[in-house]
Amino acid sequence: MRLVTWNCCRGPARRKRALLDALHPDLCVVQECPKPTATDGSFLWFGNNPRNGIAVVASGDYSIAPVPQRDVPPFTVPIQVIGPVSFLLLAVWSQRNHDFQYVRAVIRAVECYQDLIVSQPTVVAGDFNSNTIWDYKRPTGQNHSGLVRQLASLGLVSAYHHFFREAHGAESQPTLFLQRNPLKPYHIDYCFIPEAWRIHLSRVEIGSGDIWAAQSDHRPLVIDVDLLKGE
């Protein structure tokens, strides 16, 4: 199973979708995505601005269905994934919010959906707009390290950090070049998977090259998990 998360930085949906299709994902979380003309069991979209929302796209043997949303800060959206491997997905596009800014919004959403997370295998993936390097800006428990501990207590680990054996805040591969500036690299996009899936991780990769740089300030995070049917 291949999971991809990418903030596509708005723009023509057809061009961005073609790039994603070339990765052959089973499931994509796409931030800053325009609203499609129609949604179905393979494409769901959420947002307040038709030109700029968050989409979840399923391919192949996988389909998706929305789970009733609760009163959480935008956007952490619960999705039921149905296929050879079925699980709950929390699709993330963390934003500035009056009450819960960025990482605090994700922490709050995880609190609100905790009963769903522990009820079945869960993946939390997307643009978190956070990193341990900014922990000092927020109280303990309300920063990125607090979120990592919160997810760990629910049995979830970052696929990237496990695969490359890197600590949060010490990532060697950025997922964002702020304002498209190569001198401003940051790692703010993540895919947290169940601990039981760690031994099945076969590949973790961050997109590189001019083809991605031309389309977005973010790079796609690609996760391959080799799970047997029903695991």
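I will try to describe carefully the structure that is included in this document. (Residues numbered from 1 in each chain as written. Predicted model: local features only at pLDDT ≥ 70, side-chain atom pairs only at ≥ 80, totals over all residues. Heavy atoms only, no water.)

Attention shifts here to the packing of aromatic side chains. Using the criterion set out here, one finds 9 aromatic pairs in the structure. Between Trp 6 and Trp 212 the ring centres are 4.9 Å apart and the planes differ by 80 degrees, which places this aromatic pair in the edge-to-face class. In this pair, Trp 6 sits in strand β1 (residues 2-7) while Trp 212 sits in helix α6 (residues 210-213), placing the two residues 206 residues apart along the sequence. Each member of the pair Trp 6 and Trp 212 is classed as buried. Taking the centre distance of 5.8 Å and the plane angle of 40 degrees together, the rings of Phe 128 and Phe 192 count as tilted. Linking Phe 128 in the loop between β8 (122-127) and α4 (144-153) with Phe 192 in strand β12 (residues 189-194), this pair joins segments that are 64 residues apart in sequence. (Phe/Tyr/Trp six-rings, centres within 6.5 Å; stacked < 30°, edge-to-face > 60°. Helix = DSSP H or I, 4+ residues; strand = E, 2+ residues; numbered from the N terminus. Buried < 20%, exposed > 50% of the residue type's maximum accessible area, 1.4 Å probe, protein only.)

Soluble globular proteins tend to pack their nonpolar side chains together in the buried interior. Ranked by internal contacts, the top residues of the largest apolar core, which has 35 residues, are Leu 27, Phe 87, Leu 89, Val 123, Trp 197 and Ile 223. Not counting the four nearest positions on each side in its chain, Trp 197 is found in contact with Met 1, Val 85, Phe 87, Pro 121, Val 123, Val 225 and Leu 227. Membership of the second largest hydrophobic core comes to 22 residues, among which are Leu 88, Val 103, Ile 107 and Leu 156. (Core = buried A, V, L, I, M, F, W, Y, C linked by side-chain atoms within 4.5 Å. Contact = heavy atoms within 4.5 Å.)

The element strand β14 (residues 221-225) is largely enclosed, with a buried count of 5 among its 5 residues. Pairing between strand β13 (residues 201-206) and β14: 5 bridges, direction antiparallel. Bridge assignment links Arg 203 to a residue of β14, and that residue is Asp 224. (Pairing = 2+ DSSP bridges.)

Tallied over the full model, the rule gives 7 salt bridges. Of the charged contacts in the structure, one is a salt bridge between Arg 2 and Asp 224, with a shortest N-O distance of 2.7 Å. Highlighted residues: Arg 2 in strand β1 and Asp 224 in strand β14, separated in sequence by 222 residues. A relative accessible area of 17% places Arg 2 in the buried class. Between Asp 224 and Arg 203 there is a salt bridge; the shortest N-O distance is 3.8 Å. (Salt bridge = Lys/Arg side-chain N within 4 Å of Asp/Glu carboxyl O.)

The next point concerns helix α1 (residues 13-21). Along α1, the residues that are buried comprise Lys 16, Leu 19 and Leu 20. Along the long axis of α1, the arc covered by the buried residues comes to 100 degrees, so they all point the same way. Where α1 is buried, its residues touch β1, β2 (27-33) and α6. (Arc of directions from axis to C-beta.)

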